[in-house]
Amino acid sequence: MNYKISKRAASLTASITLAIDSKAKQMKAEGIDVVGFGVGEPDFDTPQHIKDAAVKALAEGFTKYTPASGIPELRQAAADKFKRDNGLTYKPSQIIISCGGKHSCYNVMMALCEPGDEVIIPAPYWLSYPEMVKLAEATPVVIETSDKTEFKVTPEQLRNAITPKTRLFILNSPSNPTGSVYTPEEIKALGDICVEKDVLILSDEIYEHLLYDDAKHVSVASFSQEHYDHTIVVHGLAKAWSMTGWRIGILAAPEPIAKAIDAIQSHSTSNPTSFAQKGAVAALNGPQDHLQPWLAEFAKRRAYAFEKLNSIPGISCVNAKGAFYLFPNISKLGLNSMDFCAKLLEQEKVAAVPGIAFGADDYIRISYATSMANLQKGLERIDKFARSLAK
Ligand SMILES: *Cc1c(COP(=O)(O)O)cnc(C)c1O
């Protein structure tokens, strides 16, 4: 047999976060007391009224194909959300419901990118972006940032990275993995350059509602008609409604792009799960009062973790203003991020994700979407580990 794998597939790096998570789960199953900081999902349950809506849909037999781009009710609910939260006006035909925010991003690459096209990605980046660009046979162009600028790209850096081949700029604020949030002025400055240079923006706003302190979220699409015309907004139910397993993503785009993505979905996934879409309608249209208690809990954990990490010799951490991650710098401890995380898991039974997965080898990612007790236990272990390295 000739199992020759396509160049497209062979060029990929499998998701390191998912690999670490499964290793930690396996150790747990063996009875080992592992603390997991690897997961990228909230530890809260999906709100009850959302589950009820899906159960009702199932009971009523809502179990068949739906339109490939989602049920009209959900596309309208998403359009209402963009109006309400972002002041953006979309027709339901500009909204595509997919099988997750990840799927929405993938659809964008498949609809817009060709061999030879360049896609600008600020690092640290969500690890799937460059791999999706490669799947679309385009070229990722990475802009490096560091904790010195709170992991934000400057307008000058963006301007310098744009070439005649640039097709797309990926903006992710609040950010996974750093938790960094651009100010409205910073977002506008980056958007202005994209408008001027006629570069499209994929704005991944899935952490929009998870903000701390004085942070404010503004969609880059909202500054002017031109910004709107250059932007594809990706959103989803996974993070702010704790619905990671439901697989529902939302995308809003100028009509021709939405139409292209509709065609792609109609020949690949077809519709996202019918009854999950009914749950998503309840999530978007229903009460949002689950969020404040979640944010209060996240904020408490973030404050604790930020202080504890900065008290560990050799580790420094800038504070995050959004999402549920911290991205401490471990470079003074003399190990690259992969070795650091491998040894940390082996010696102290703590699972964290090496920064190299996000294109930033001086850091590790700590998710605080876990209980305070776990956070305390895990960070004490990291403290002990760091002190053993510093010796
Ligand atoms: C979690 C996440 C998504 C979407 O996840 P889905 O589970 O596919 O909805 C998109 N972008 C970023 C940066 C994320 O962290």
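Nothing here was measured: the structure is a model prediction, and the numbers come from that model.

A. Examining the domain arrangement of the chain more closely. Taken as a whole, the chain is organised into domain 1 (7-46 + 290-390) and domain 2 (64-285). Relative to domain 2, the C-alpha centre of domain 1 lies at a distance of 25 Å. In this complex, domain 1 contributes 38 residues to the contact, which on the side of domain 2 involves 35 residues. For domain 1, the biggest contributors to the area lost against domain 2 are Thr46, Lys321 and Phe358; these three give 20% of the whole. On inspection of domain 1 and its partner domain 2, the count reaches 3 salt bridges. As a salt-bridge pair, Arg8 and Glu137 come within 3.7 Å of each other at their nearest N and O atoms. Mapped onto the side of domain 1 that touches domain 2, the elements with two or more residues apiece are α2 (16-29), α12 (291-310) and β9 (325-326). For the side of domain 1 that touches domain 2, the element with the most residues is α12, which contributes 6 residues. When the residues that make up the side of domain 1 that touches domain 2 are grouped by side-chain class, the tally is 21 nonpolar, 11 polar and 6 charged.

B. Local environment of the site of the ligand. Of all residues adjacent to the ligand, which total 13 residues, the nearest are Gly101, Asp204, Tyr207, Lys239 and Arg247. One of the side-chain N or O atoms of Asn176 is found 2.8 Å from an oxygen atom in the ligand. The side chain of Tyr207 places a nitrogen or oxygen atom 2.6 Å from an oxygen atom of the ligand. By residue class, the composition of the shell around the ligand is 5 nonpolar, 4 polar and 4 charged.

C. Representation of the packing of aromatic side chains in the model. Per the counting criterion, the structure on display carries 15 aromatic pairs. Between Tyr207 and Phe324, the aromatic rings sit 5.6 Å apart at their centres with planes inclined by 80°, giving edge-to-face as the arrangement. Taken as a pair, Tyr207 in the loop between β6 (200-204) and α9 (225-229) and Phe324 in the loop between α12 and β9 lie far apart in primary sequence, 117 residues in all. Phe324 carries the same exposure label as Tyr207, and that label is buried. Pairing Phe327 with Phe358 gives two aromatic rings, centres 5.9 Å apart and planes at 75°, and the pair type is edge-to-face. Of the two residues, Phe327 sits in the loop between β9 and α13 (337-348) while Phe358 sits in the loop between β11 (353-354) and β12 (364-367), which places them 31 residues apart along the sequence. What makes Phe327 buried here is its relative accessible area of 2%. Of note, Lys278 hangs over the ring of Phe62, and the distance from its end group to the ring centre comes to 4.6 Å.

D. Inspection of the nonpolar core at higher detail. Formed by 67 residues in total, the largest nonpolar core has its most connected members in Tyr90, Ile95, Leu237, Phe340 and Ile382. Take this core: its biggest share by element is 6 residues, from α12. Residue-level mapping places this core at the junction of two domains, with at least three residues from each of domain 1 (7-46 + 290-390) and domain 2 (64-285). Not counting residues up to four positions away in its chain, the partners in contact with Ile95 are Ser69, Arg75, Ala78, Ala79, Phe82, Tyr90, Ile250, Leu251 and Ala252. Formed by 42 residues, the second largest nonpolar core is a distinct cluster that contains Val133, Leu202, Val234 and Ala253.

E. A look at helix α5 (residues 101-112). Between its terminal C-alpha atoms α5 stretches 17 Å, which fits the 16 Å expected from 12 residues at 1.5 Å a residue. Buried within α5 we find Gly101, His103, Ser104, Cys105, Asn107, Val108, Met109 and Leu112.

F. Up close: unusual backbone geometry. A cis amide bond links Ser173 with the next residue in sequence, Pro174, at an omega value of -10°. Mapped onto the elements, Pro174 comes out in the loop between β5 (166-172) and α8 (184-197). Here the amide bond leading from Asn176 into Pro177 is cis, since omega sits at 25°, within 30 degrees of zero. Locating Pro177 in the fold gives a position in the loop between β5 and α8. Unusually for a residue other than glycine, Asp198 sits at a positive phi of about 60°. Within the fold, Asp198 resides in the loop between α8 and β6. By relative accessible area, which is 57% here, Asp198 ends up exposed. Phi angles above zero are rare outside glycine, and Ala323 is one such case at about 60°.

G. Representation of the sheet that holds β5 in the model. The 7 strands are arranged β2-β8-β7-β6-β5-β3-β4 in an open sheet whose pairing can be described as mixed. Unpaired on one side and paired on the other, β2 (95-98) and β4 (139-144) mark the two borders of the sheet. Averaged over neighbouring strand pairs, the angle between their axes works out to 20° when direction is ignored. The pairing of strand β3 (residues 118-123) with β4 spans 6 bridges and is parallel. Each bridged residue has a counterpart across the sheet, and for Ala123 the counterpart in β4 is Glu144.

What counts and what doesn't
Residues numbered from 1 in each chain as written. Predicted model: local features only at pLDDT ≥ 70, side-chain atom pairs only at ≥ 80, totals over all residues. Heavy atoms only, no water. Domains from an automatic or database assignment. Contact = heavy atoms within 4.5 Å. Buried area = accessible area lost by both parts, 1.4 Å probe. Salt bridge = Lys/Arg side-chain N within 4 Å of Asp/Glu carboxyl O. Helix = DSSP H or I, 4+ residues; strand = E, 2+ residues; numbered from the N terminus. Nonpolar A, V, L, I, M, F, W, Y, C, P; charged D, E, K, R; others polar. Near = heavy atom within 4 Å. Polar contact = N/O pair within 3.5 Å; in protein donor to acceptor, adjacent residues only side chain to side chain. Phe/Tyr/Trp six-rings, centres within 6.5 Å; stacked < 30°, edge-to-face > 60°. Buried < 20%, exposed > 50% of the residue type's maximum accessible area, 1.4 Å probe, protein only. Lys NZ or Arg CZ within 6 Å of the ring centre and 35° of its normal. Core = buried A, V, L, I, M, F, W, Y, C linked by side-chain atoms within 4.5 Å. Expected span 1.5 Å × (residues − 1). Pairing = 2+ DSSP bridges. Axes fitted to C-alpha atoms, helices over the stretch in contact; angles between N-to-C directions.

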